[in-house]
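Structure assessment
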Amino acid sequence: MDMQVAKKKLGLKEKYQVMTRDLDWTPTYQKMEDIYPYVQYEGIKIHDWDRWEDPFRLTMDAYWKYQAEKEKKLYAIIDAYAQNNGHLNVTDARYINTVKLFLTGVSPLEYMAHRGFAHVGRAFPGPGPRVACLMQSLDEMRHFQTQVHAISNYNKYYNGFHDFRKWHDRVWYLSVPKSFFDDAITAGPFEFIVAIGFSFEYVLTNLLFVPFVSGAAYNGDMGTMAYGFSAQSDEARHMTLGLEVIKFILEQDPANLPIVQRWIDKWTWRGYRVLTLVAMMMDYMLPKRTMSWKEAWEIYFEENGGALFRDLARYGIRMPKCAETIAFEKDHLSHQAWCTFYNYTAATAFHTWLPNEDEMQWLSAKYPDSFDKYYRPRFDFWREQAAKGNRFYNTTLPMLCQTCQVPLFFTEPGDPTKICYRETDYKGMKYHFCSDHCKEIFEHEPEKYVQAWLPVHQIYQGNCFPEGTDPTAEGFDPLKAVLQWYNIIHGRDNLDFEGSEDQRNFAAWRAQATRNV
Amino acid sequence: MSTVFIALQTNEETRPIIEAIVEDNPHARVNEAPAMVKIDADGRLVVKRSSIEERLGRDFDLQELHINLISLSGNIEEDEDQMILAWKN
Ligand SMILES: [Fe+2]
Ligand SMILES: [Fe+2]
C-alpha cells in the first residue's frame with residue numbers, strides 16, 4: 001500500500017464503538033444459549049445488549065496506558081517506603097493491626113473479585129459489559145497483587161502476617177468476609193454483578209476504602225496509602241459499572257424490578273455485616289482517627305446512598321429494607337464488635353487493647369447517646385480486672401449466624417442491652433441468625449445456606465485440629481489444637497497488644513532510629 | 001437537592017484539576033481530608049477539560065483523571081470536553 005491517507009483521530013464515542021461493539025460478532029454455527037448458558041436461569045430479561053453504555057468509554061488501549069502509569073507511581077512509593085524503613089513512622093505499633101486485618105480479611109476478596117468478574121464477563125452476551133468486566137477483573141488481580149506485595153514489607157518485621165491466605169480459609173472471624181464473597185461468586189452472573197458491582201462497590205465500598213486509606217495516611221502508613229489509593233482509582237470505574245448495570249437491567253424489562261430489588265436488599269445487608277470489621281477498625285484500631293464509623297455511615301450511606309436511591313426511584317427501586325436497622329445499629333456496631341474481639345483475642349491473628357482515656361473521650365464525643373451509657377462501664381470493668389491480674393479471655397465458642405457467620409453479639413433493634421437471636425427450622429434442623437434480615441435471606445434460599453462452613457460447628461465436629469490429634473486424650477486443650485491448625489503462634493500472634501513482641505520490637509527499633517545506640 | 005461528589009488524591013497533579021473544578025462550580029464545597037480532597041455539589045458538578053488545560057499549560061485528556069480519582073457519585077456523562085456528574089431528581 002503506497003497511498004498516504006491522513007489519519008483522522010477517532011472521537012471518544014467512535015473509538016468506543018470500534019474497540020468494543022465492533023469487535024463482537026454473531027455466531028452462526030453454535031447456538032447463543034450454548035455459548036452463554038448462564039444468562040437465562042435467574043429470570044432476568046435482556047432484549048437488547050447494545051443499549052449498554054459505558055459513560056467513561058474506556059477502551060483497552062487507554063486502559064493499559066493509564067494502569068501502567070498507576071503502577072509506576074505506586075511502586076515508586078512502595079519502594080521508597082520500604083527503603084526508608086517507613087514502617088517506623090506509623091503513629092504507634094497498634095496501628096499495624098489494622099493492616100493485618102486488611103491483608104487477611106480484604107485482600108483475598110480482591111482475588112475472588114478477579115475471578116468473579118472474569119466469570120461474569122464471559123457469561124454476558126453483550127460486548128459492552130464484557131469489556132467492562134474484563135477490565136475490572138484485571139483491576140482486581142492488580143489490587144490483590146499490589147496489596148500482598150506492599151504488605152509483605154510488614155511481614156519482615158511484625159507478627160500476624162505470615163500465613164494470611166490459610167487464615168482467610170480457616171480462621172473464625174475471617175469466615176465472615178470469605179463467606180460473603182463465596183456467596184456472591186456462587187450466584188448467577190446477574191446476581192453477582194448486582195451484589196458486588198452495585199451493592200458493594202457503589203453503595204458500600206467508599207466506607208471501606210476511603211476511611212481506611214485516609215486513616216492510613218493520617219497514621220503515617222505511606223505504603224498502605226499508596227496501594228489503597230491506587231486500588232481506589234479503579235473504583236470510580238467499578239462504581240460506574242455497578243450503577244450502569246442496575247440502570248441497564250431495569251430499563252430492559254419491568255419484570256426485572258422485583259428480582260433486582262430483592263438482590264439489593266440482600267446484598268446491602270450482607271455487605272454491611274462485613275463492614276462490622278471496618279467499623280471497629282475506624283473507632284478502635286486507628287491510633288489517630290479520621291472520622292467515626294457513625295459519621296462515615298451518615299456521609300457515605302445516608303447522604304450519598306440517599307441521593308442514589310432517590311435517583312433510582314424512577315425505576316421503582318426503593319431504599320434497601322435494612323437501612324432502618326442499620327440506622328439504629330450505627331451507635332453500637334463498632335463498640336459491640338470491639339468488645340467481642342477483646343474477649344476472643346486468644347483466637348485472633350492480631351492484638352487487641354482497651355481504649356485509653358483520651359480515646360474514650362473521643363468515643364464519648366462521637367457517640368454521645370451510647371458510649372458512656374453502655375460501653376465505657378465495660379471497658380472500665382475490664383481494665384480494673386486486668387489490673388488485678390484477671391484479664392478475661394473468653395474460651396467458650398459463640399453461636400454463629402448461619403447467613404453472615406458473625407457471632408451472635410448484635411443487640412435487638414431498640415434495646416442495646418439484649419442480644420438479638422432469631423431461629424428457624426428447616427428439614428428437621430434448627431438454624432440460628434443474628435437478625436431478621438439474615439433469617440429472611442436464609443429462608444429464601446435455604447438449600448444454599450445450609451451448606452455454610454461455620455467455624456464454630458466445624459471446631460465442635462473435630463474438623464479444625466492438626467491431623468492425628470486425639471481430642472479424647474487426657475488434658476486435651478481444644479483452643480491450643482485449633483491455633484496449631486490455624487498456624488497462629490500462641491503468645492506471639494494473638495492476645496493483648498500490651499506486652500506483645502510487636503510492641504517491644506517497634507519501641508526498640510524506633511529508639512534505634514532516633515538515637516546513636 | 002441531592003449531592004454529587006468527586007474525591008481526588010491531593011498531589012501536584014491534582015492541584016490544577018481541583019482549582020479548575022472549584023472555579024467552574026461556584027456552588028461546590030471543598031472538604032479536605034488526610035491525603036485527599038472531596039468536592040461536594042448540590043445536584044450537578046462539571047469538570048472541564050479547557051479549564052484544566054489552561055492551568056496545566058498542556059493538552060489534557062479527561063481520562064487522565066482516573067489516575068488520581070478516588071471516588072465519585074452521580075450519573076456520569078462524559079465526552080472529550082467535559083465530564084458531568086448529576087442526579088436526575
Ligand atoms: Fe478491588
Ligand atoms: Fe447474620
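Quick summary incoming for the structure in this document. Remember, predicted model here, so these are calculated numbers, not experimental data. (Residues numbered from 1 in each chain as written. Chains lettered and ligands numbered in written order. Predicted model: local features only at pLDDT ≥ 70, side-chain atom pairs only at ≥ 80, totals over all residues. Heavy atoms only, no water.)

1. Details of the overall build of chain B
Just so we agree on the cut-off: Helix and strand assignments follow DSSP, with helices taken as H or I runs no shorter than four residues and strands as E runs no shorter than two, numbered in order from the N terminus. For this measure, only C-alpha atoms enter the radius of gyration; the expected value for a globule follows 2.2 Å times N^0.38, where N is the number of residues. To sort residues, take the accessible area from a 1.4 Å probe on protein chains only and compare it with the maximum for the residue type: under 20% means buried, over 50% means exposed, and anything in between is partly exposed.
A tally of regular secondary structure across chain B gives 2 helices and 7 strands. When the helices and strands of chain B are listed from N to C terminus, the series reads β-α-β-β-β-α-β-β-β. For 89 residues, the compact-globule estimate of 2.2 N^0.38 gives 12 Å, and chain B sits close to it at 12 Å. When the backbone C-alpha atoms are referred to their principal axes, chain B occupies close to 35 × 30 × 20 Å. For chain B, with 89 residues in total, the buried portion stands at 57%.

2. As for the overall build of chain A
We apply this condition: When checking whether two residues touch, look at their non-hydrogen atoms; a contact exists if any pair is within 4.5 Å. Residue exposure ignores everything except the shown protein chains as possible cover, and the areas themselves are Shrake-Rupley values with a 1.4 Å probe.
A count of helical and extended segments in chain A gives 22 helices and 4 strands. Against the globule reference of 24 Å for 517 residues, chain A gives a C-alpha radius of gyration of 24 Å, in line with a compact fold. Once the C-alpha set of chain A is aligned to its principal axes, its extents read approximately 85 × 65 × 50 Å. Residue burial in chain A is summarised as follows: out of 517 residues, 59% are buried. Pairs at least 24 residues apart make up 78% of the contacts formed inside chain A by residues separated by at least 6 positions. Total accessible area computed for chain A in this model is approximately 21900 Å², and 53% of it derives from carbon and sulfur atoms.

3. Describing the pattern of salt bridges
Residue and element names in this part refer to chain A. Basically, it comes down to this: When a carboxyl oxygen of Asp or Glu lies within 4 Å of a side-chain nitrogen of Lys or Arg, that pair is called a salt bridge.
What the rule picks out here adds up to 50 salt bridges over all chains. One salt bridge connects Asp61 with Lys15, and the closest N-O pair in it is separated by 3.2 Å. Note that Asp61 is positioned in helix α3 (residues 60–83) and Lys15 in helix α1 (residues 12–19), a separation of 46 residues in sequence. Between Asp425 and Lys430 there is a salt bridge; the shortest N-O distance is 3.1 Å. We classify Asp425 as exposed; its relative accessible area is 54%. Residue class for Lys430 comes out partly exposed when judged on its relative accessible area of 43%. Because the salt bridges share partners, they merge into one network encompassing Lys70, Glu71, Asp139, Arg142, Asp234 and Arg237.

4. Re the interface of chain A and chain B
To keep things clear, this is the line we draw: Reported buried area values correspond to the accessible surface (1.4 Å probe) lost by two parts on association, with both partners' losses combined. Whenever two N or O atoms come within 3.5 Å, that pair is a polar contact, provided that in protein one can donate a hydrogen and the other can accept it, and provided that, for residues adjacent in sequence, both atoms are side-chain atoms. Residues are sorted three ways: Asp, Glu, Lys and Arg are charged, Ala, Val, Leu, Ile, Met, Phe, Trp, Tyr, Cys and Pro are nonpolar, and all the rest, Gly among them, are polar.
Between chain A and chain B, the residue contacts involve 37 residues of the former and 32 residues of the latter. Broken down residue by residue, the surface that chain A buries against chain B is led by Phe56(A), Tyr66(A) and Phe229(A), which jointly contribute 20%. Seen at the junction of chain A and chain B, the total is 1 salt bridge. Run the count over chain A and chain B and you get 15 residue pairs in polar contact (both at pLDDT 80 or more). Broken down by secondary-structure element, the contributors of at least two residues to the side of chain A that touches chain B are α3, α9 (189–218), α10 (222–252) and α13 (293–312) of chain A. The element that contributes the greatest number of residues to the side of chain A that touches chain B is α10(A), accounting for 10 residues. For the side of chain A that touches chain B, a count of residues per class yields 19 nonpolar, 8 polar and 10 charged.

5. Some thoughts on the coordination of the iron ion (ligand 2)
Residue and element names in this part refer to chain A. Stated precisely, the cut-off is as follows: Here the coordinating atoms are restricted to nitrogen, oxygen and sulfur within 2.8 Å of the metal centre, or 3.2 Å for Na, K and Ca, and because water is not among them the sites may look incomplete. Donor angles set the geometry label: tetrahedral for four donors if every angle is between 85 and 135 degrees, square planar for four and octahedral for six if opposite donors exceed 155 degrees and the others are between 65 and 115, irregular for anything else.
On the protein side, the iron ion (ligand 2) has Cys401 (SG), Cys404 (SG), Cys434 (SG) and Cys438 (SG) as donor atoms, found 2.3 Å from it. Angles of 106 to 116° at the metal separate the 4 donor atoms of the iron ion (ligand 2), which places the site in the tetrahedral class. Each donor residue of the iron ion (ligand 2) belongs to the same chain, with the gaps between them written as C-x2-C-x29-C-x3-C. You can call Cys401 buried: its relative accessible area is 0%.

6. Some points on the packing of α9(A) against α10(A)
Residue and element names in this part refer to chain A. Our working definition: An axis is simply a line fitted to the C-alpha atoms; with a helix, the fit covers only the stretch in contact. Between two such axes, the angle follows the N-to-C directions and lies from 0 to 180 degrees. Angles below 35 degrees are treated as roughly parallel, those above 145 as roughly antiparallel, those between 65 and 115 as roughly perpendicular, and all remaining angles as oblique. Take the far helix as the reference: if the near one is turned anticlockwise from it by less than a right angle, the crossing is left-handed, and if turned clockwise, right-handed.
For the pair α9 and α10, the least separation of the axes is 8 Å and the interaxial angle reads 150°. It follows that α9 is roughly antiparallel to α10 by the angle criterion. Seen along the crossing, α9 lies across α10 with a hand that is left-handed. Of the residues that constitute the contact of α9 with α10, the class distribution is 20 nonpolar, 8 polar and 2 charged.

7. Some thoughts on the environment of His149(A)
Its location among the elements puts His149(A) in helix α6 (residues 127–155). A polar contact of 3.0 Å, which involves the side chain of His149(A), links it to the side chain of Tyr75(A).

8. Thoughts on the sheet that holds strand β4 (residues 44–48) of chain B
Residues and elements named next belong to chain B. Quick note on the threshold: The pairing criterion is simple: DSSP has to find at least two bridges between the two strands.
Strand order in this open sheet of 3 strands is β4-β7-β6, and the pairing throughout is antiparallel. Looking at the sheet topology across the chains shown, the edges are occupied by β4 and β6 (75–78). Taking each pair of neighbouring strands and ignoring which way they run, the sheet shows an average axis angle of 15°. Relative to strand β7 (residues 82–86), β4 runs antiparallel, the two being bridged by 5 bridges. Within the sheet, the bridge partner assigned to Val46 lies in β7 and is Ile84.

9. As for the coordination of the iron ion (ligand 1)
All names here are of chain A. Taken together, Glu110 (OE), Glu140 (OE) and His143 (ND1) make up the full set of protein donors to the iron ion (ligand 1), lying 2.0 to 2.2 Å away. Written as a sequence motif, the donor residues of the iron ion (ligand 1) are E-x29-E-x2-H. Here Glu110 is found in helix α5 (residues 107–123), whereas its partner Glu140 is found in helix α6, with 30 residues between them in sequence.

10. Quick look at the nonpolar core
Selection criterion: Only buried residues count toward a nonpolar core. Its members are Ala, Val, Leu, Ile, Met, Phe, Trp, Tyr and Cys residues joined through side-chain atoms within 4.5 Å.
Ranked by size, the top nonpolar core spans 180 residues in total, and within it Tyr154(A), Phe198(A), Trp293(A), Phe379(A), Tyr486(A) and Ile6(B) carry the most contacts. Take this core: its biggest share by element is 18 residues, from α9(A). Among all residues touching Trp293(A), those that are not within four sequence positions of it are Leu207(A), Tyr272(A), Leu275(A), Ala279(A), Met282(A), Asp283(A), Lys330(A), Leu333(A) and Tyr367(A). By size, the runner-up hydrophobic cluster in this structure holds 8 residues, among which are Met60(A), Tyr63(A), Val131(A) and Met135(A).

11. Observations concerning helix α2 (residues 49–56) of chain B
All names here are of chain B. Along α2, the positions that sit buried rather than exposed are Ser51, Ile52 and Glu53. Buried-residue contacts for α2 involve α1 (15–24) and β4. A positive phi of about 70° marks Gly57, the residue just after α2.

12. Considerations on the environment of Val30(B)
All names here are of chain B. With respect to the helices and strands, Val30 occurs in strand β2 (residues 29–33). We classify Val30 as partly exposed; its relative accessible area is 38%. Note: C-alpha distance between Val30 and Asp40 (10 residues apart in sequence) is 6.5 Å. When neighbours within four sequence positions are excluded, Val30 is seen to be in contact with Val22, Val37, Lys38 and Ile39.

13. Considerations on the pairing of strand β2 (residues 415–419) of chain A
All names here are of chain A. In the sheet, strand β1 (residues 411–412) pairs with β2 via 2 bridges, with the strands oriented antiparallel. Following the sheet pairing, Glu412 is matched in β2 by Asp415. Between β1 and β2, which pair antiparallel one after the other, the connecting turn spans 2 residues, and Gly414 there sits at a positive phi close to 100°.

14. Structural notes on the packing of α5(A) against α6(A)
All names here are of chain A. Two elements in contact, α5 and α6, have axes whose closest approach is 8 Å; the angle formed by their N-to-C orientations is 160°. Between α5 and α6, the crossing angle belongs to the class labelled roughly antiparallel. Crossing geometry of α5 relative to α6 is assigned as left-handed. Contacts from Ser107, Pro108, Glu110, Tyr111, Ala113, His114, Phe117, Ala118, Val120 and Gly121 of α5 reach α6 at Arg130, Cys133, Gln136, Ser137, Glu140, Met141, His143, Phe144 and Gln147. Residues that form the contact of α5 with α6 fall into these classes: 9 nonpolar, 7 polar and 3 charged.

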